[in-house]
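Architecture and fold: a report
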Amino acid sequence: MEYKYADVTAVVPTCNRYFSTLPLTIMAIINQEVLPSHLIIYDDSPDKLDLRTNHLWARMFKTIEAKGINWSVLFGEGKGQAVLHNRSISDATTQYIWRVDDDCVPEPNVLITLLEEIDKGRGHIGAVGGLVLPPEDLQPCPAALNGTMRDVFLGRNVAWYLREGDPMHVEHLYSTFLYDKKAASHGYRQDLSPASHREETIFTHQMYLNGWDLVFTPHAVTWHYRNPEGGIRMRKEEDFLHDEAVFHKVIFEEWKMKHTDPKVFILDDGIGDHYAFKHALRDYLATTTRGVMIYCCYPDVFKDMTFKVSMYSLADAIHLYGRPYVEKYNIYKYMAENNWKGSLTEAYKSLYQI
Amino acid sequence: MKRQTILISPWSRPRTDGKVNAKNYPYWDELVDLLIADYDVIQLMHGDERHVRDIPYEKNRTLPDIERMVKECDAFICVDNFLQHLAHYVGKRGFVLYGVSDPSLFGYPENVNIYADSKYFRQYQFQTWNEVDFNEDAFAKPGKVYEIIKTHMPINLATVKAVSDTIKEPGSDFIRK
């Protein structure tokens, strides 16, 4: 049997998923069209098992060896993924690291596709990621998502949605991706909780800020099984709150981002109402530096403002936020509920607090 | 003397059940018959809207084109539809024909907002138009509307006289600033 190898270490931190999704992840990695030369499993489980003594795992390790992949299982200290990924940067002896979550199942062409993008970048690419799809909820990608940090504030990621087209440059990556160790000199945050929430966003965006390109390609599909047991789902709510506070500190104090979260307007009404709103918007734009996103029915109304506002369809808003949320911004509903006596434009100003 | 141009937008969005929208002015034919004696009247049309009296029209124009036409005209006349909001945005004054909707909520004070009587205003101003029956009595008669227009034209000159706060003809029509 002949195999092709790449100078890549596949890194899989795991916690309590020995007999659920982790075997699926490992088999998907060792069945790639191009194999990683090394595989490191970081076991962060509270009650660690010697997997060599398990019938299934013993045979999986033999399969990995038969395929010529150097493998190791290293124990973590229960401090979470960020610590383990940081460790992998020095543990891995290859130039590239392919990090794969233990509930992710990459298609056989993922590694080769990510490597091809690295190759195209001629040394400028820090990391490449692909689609990370939940098979139980496949949706087309909302037009409002563009791979910038704004998506983080919208609570979404381009990787989660079906998408066609060409690879694109982005400002951060999600979950599983291939990266160059040369681009990882800043390391992973060590002040996150064991939940390590936002670890890859902070890691990859710092890479971007350090001048490396990040690429997202829709041609590499990894299935995300979102295991309800083990992994990040074991962590406590206070861990997530802690990590969110760290994230905000990083964004606003270290990266000095300002008003990254855009002001969102949703117009589910007629052309005339759009114009009445436009008057309110004109006043608002004169006083703000925030980005503006408008989901509406008649984007032509705002054609002269496209240098300041981003336009999306109302269907996109329903897709992103759900219909009940969109209906909260029905101006007539608002006026009725508030027994409105002023003008339509003033009603919009009141509804959106602008 | 060059005739002034008036742009009209006679119709509101059709009801989904096919019935007449309560915002639609019922006397356009008669009003246009009066206006064309003194003004050049052009209708903005969209889709299969009714063409009033075979006057010149502009059909299915884009919003930027309509903005330009509004800026270039001497005045506009419309019902409670998109045109008054577009005109407000581009800074053009005109005449708005109201029936049951309240101009203090949906109109602009710089326009001449014309209606028959506030007693016809619908009680629930924010309900959908599918729930509102058409009532032609809610609208000012064409002769009265024509008089008001003549009185206020040219409405967009800087020296135009101020629109009165309220002018009531006993038992009939109001205009309201």
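You'll find the structure just up there.
Keep in mind it's a predicted model, so treat the numbers as computed, not measured.

A word on the packing of aromatic side chains. Applying the stated criterion across every chain, the model contains 29 aromatic pairs over all chains. Taking 6.1 Å as the distance between ring centres and 45° as the angle between the ring planes, the aromatic pair formed by A:Tyr334 and A:Trp340 counts as tilted. For the pair A:Tyr334 and A:Trp340, a shared accessibility class is recorded, and that class is buried. These aromatic residues form a ring-pair network of at least three members: A:Phe265, A:Phe277, A:Tyr284, A:Tyr295, A:Phe302, A:Tyr312, A:Tyr321, A:Tyr325, A:Tyr329, A:Tyr348 and A:Tyr352. In this structure, A:Lys48 is placed above the aromatic ring of A:Phe75, and the distance from its NZ or CZ to the ring centre is 5.9 Å. One cation-aromatic arrangement involves B:Arg122 over B:Trp129; the distance from NZ or CZ to the ring centre is 3.7 Å.

Consecutive residues of a regular strand have side chains that alternate between opposite faces of the sheet. Residue and element names in this part refer to chain A. With nine of its twelve residues buried, strand β9 (residues 213-224) lies for the most part within the structure. Summarising the sheet, strand β5 (residues 104-106) and β9 pair through three bridges and their orientation is antiparallel. Looking across to β9, one finds that Val105 is bridged to Trp223. Looking at chain direction, strand β6 (residues 125-133) and β9 are connected through eight bridges and run parallel. Following the sheet pairing, Val132 is matched in β9 by Thr222. Taken together, the three bridges between strand β7 (residues 168-170) and β9 define a ladder with antiparallel strand orientation. The residue of β9 that forms the bridge with Val170 is Leu214.

Glancing now at the pattern of salt bridges. Summed over all chains, the structure comprises 31 salt bridges over all chains. The salt bridge partner of A:Lys349 is A:Glu346, with a shortest N-O separation of 3.9 Å. With a gap of three residues between them, A:Lys349 and A:Glu346 both fall in helix α12 (residues 344-352), about one helical turn apart. A residue is classified by how much of its surface remains accessible, and A:Glu346, at 40% relative accessible area, is partly exposed. Residue B:Arg61 pairs with B:Asp65 through a salt bridge whose shortest N-O separation is 3.4 Å. A residue is classified by how much of its surface remains accessible, and B:Arg61, at 29% relative accessible area, is partly exposed. B:Asp65 gets classed as partly exposed once you look at its relative accessible area, which sits at 23%. Salt bridges sharing partners connect three or more residues here, namely B:Glu58, B:Arg61, B:Asp65, B:Arg68 and B:Glu72.

Let us look at α12(A). Note on helix geometry: an α-helix contains 3.6 residues per turn, so any two residues three or four positions apart are oriented the same way. When you tally the buried positions in α12(A), you get seven out of nine residues, the bulk of the element. Inspection of α12(A) places A:Leu344, A:Thr345, A:Ala347, A:Tyr348, A:Lys349, A:Leu351 and A:Tyr352 among the buried residues, and these make up the whole buried set.

All names here are of chain B. Between helix α1 (residues 28-35) and helix α5 (residues 142-152), the least distance of the axes is 9 Å, while the angle of their chain directions is 40°. Viewed along their axes, α1 and α5 adopt a mutual orientation that is oblique. Between α1 and α5 the crossing geometry is right-handed. Between α1 and α5, the residues in contact are Glu30, Leu31, Leu34 and Leu35 and Pro142, Gly143, Val145, Tyr146 and Ile149, respectively. A per-class count over the contact of α1 with α5 returns seven nonpolar, one polar and one charged.

With that settled, the discussion passes to the pairing of strand β4 (residues 96-99) of chain A. Residues and elements named next belong to chain A. Burial along β4 is two-sided: Tyr96 and Trp98 and Ile97 and Arg99, pointing in opposite directions, are all buried. In this structure, strand β1 (residues 5-14) lies alongside β4, joined through four bridges in parallel fashion. The residue bridging Val11 from the neighbouring strand is Arg99, located in β4. Pairing between β4 and strand β8 (residues 177-180): four bridges, direction antiparallel. Note that in β8 the partner of Tyr96 across the bridge is Asp180.

All names here are of chain A. A sheet is described by the order of its strands in space; here three strands give the open sequence β10-β11-β12, paired in parallel fashion. Only two strands of the sheet have a single neighbouring strand rather than two, namely β10 (263-267) and β12 (309-313). Taking the axes of each pair of neighbouring strands and ignoring which way they run, one obtains an average angle of 20° across the sheet. In terms of strand pairing, strand β11 (residues 292-296) meets β12 through five bridges, oriented parallel. The residue of β12 that forms the bridge with Ile294 is Met311.

Attention now goes to the interface of chain A and chain B. Tallying the contact residues gives 25 residues for chain A and 14 residues for chain B. Taken over both partners, the interface formed by chain A and chain B buries close to 1,600 Å², and the fraction arising from carbon and sulfur atoms is 65%. Considering only the surface of chain A that becomes buried against chain B, A:Tyr275, A:His279 and A:Tyr332 emerge as the three largest contributors, covering 31% of it. If you look at where chain A meets chain B, you find zero salt bridges. Applying the counting rule to chain A against chain B returns two residue pairs in polar contact (both at pLDDT 80 or more). Secondary-structure elements contributing two or more residues to the side of chain A that touches chain B are α8 (271-285), α11 (331-337) and α12 of chain A. For the side of chain A that touches chain B, the element with the most residues is α8(A), which contributes eight residues. Classifying every residue of the side of chain A that touches chain B gives eleven nonpolar, six polar and eight charged.

What counts and how
- Numbers given to residues run from 1 along each chain, matching the order in which its sequence is written.
- All chains are assigned letters beginning at A, and all ligands numbers beginning at 1, according to the order in which they are written.
- Where totals are concerned, whole chains, interfaces and linings use all residues; where local detail is concerned, this predicted model gives features only for residues with pLDDT of at least 70, and gives and counts side-chain atom pairs only at 80 or more.
- Computation of side-chain values covers all heavy atoms of the structure but excludes hydrogens and water.
- Side-chain rings of Phe, Tyr and Trp, where Trp is taken by its six-membered ring, are said to pair if the distance between their centres is within 6.5 Å; with planes under 30 degrees apart they count as stacked, over 60 as edge-to-face, and otherwise as tilted.
- Per-residue accessibility, obtained with a 1.4 Å probe over protein chains only, is compared with the maximum for each type, and a residue is labelled buried under 20%, exposed over 50%, and partly exposed between these values.
- Criterion for a charge above a ring: Lys NZ or Arg CZ within 6 Å of the ring centre, and within 35 degrees of the ring normal.
- A run of DSSP states H or I qualifies as a helix once it reaches four residues; a run of E qualifies as a strand once it reaches two. Both are numbered from the N-terminal end.
- Whether two strands pair depends on DSSP finding at least two bridges between them.
- We define a salt bridge as a side-chain nitrogen of Lys or Arg found within 4 Å of a carboxyl oxygen belonging to Asp or Glu.
- Whenever a helix is involved, its axis is fitted only over the stretch in contact; in every case the axis is a line through C-alpha atoms, and angles between N-to-C directions fall within 0 to 180 degrees.
- Roughly parallel means an angle under 35 degrees; roughly antiparallel, over 145; roughly perpendicular, 65 to 115; everything else is oblique.
- Crossing handedness is read from the near helix: turned anticlockwise from the far helix by less than a right angle, it gives a left-handed crossing, and turned clockwise, a right-handed one.
- Contacts between residues were defined by any pair of non-hydrogen atoms, one from each residue, lying within 4.5 Å.
- The classification used treats Ala, Val, Leu, Ile, Met, Phe, Trp, Tyr, Cys and Pro as nonpolar, Asp, Glu, Lys and Arg as charged, and all other residues, Gly among them, as polar.
- Computed with a 1.4 Å rolling probe, the buried area is the accessible surface lost when two parts are put together, summed over both parts.
- Counting of polar contacts relies on pairs of N or O atoms within 3.5 Å, with two restrictions inside protein: one atom must be capable of donating a hydrogen and the other of accepting it, and residues adjacent in sequence are counted only when both atoms are side-chain atoms.

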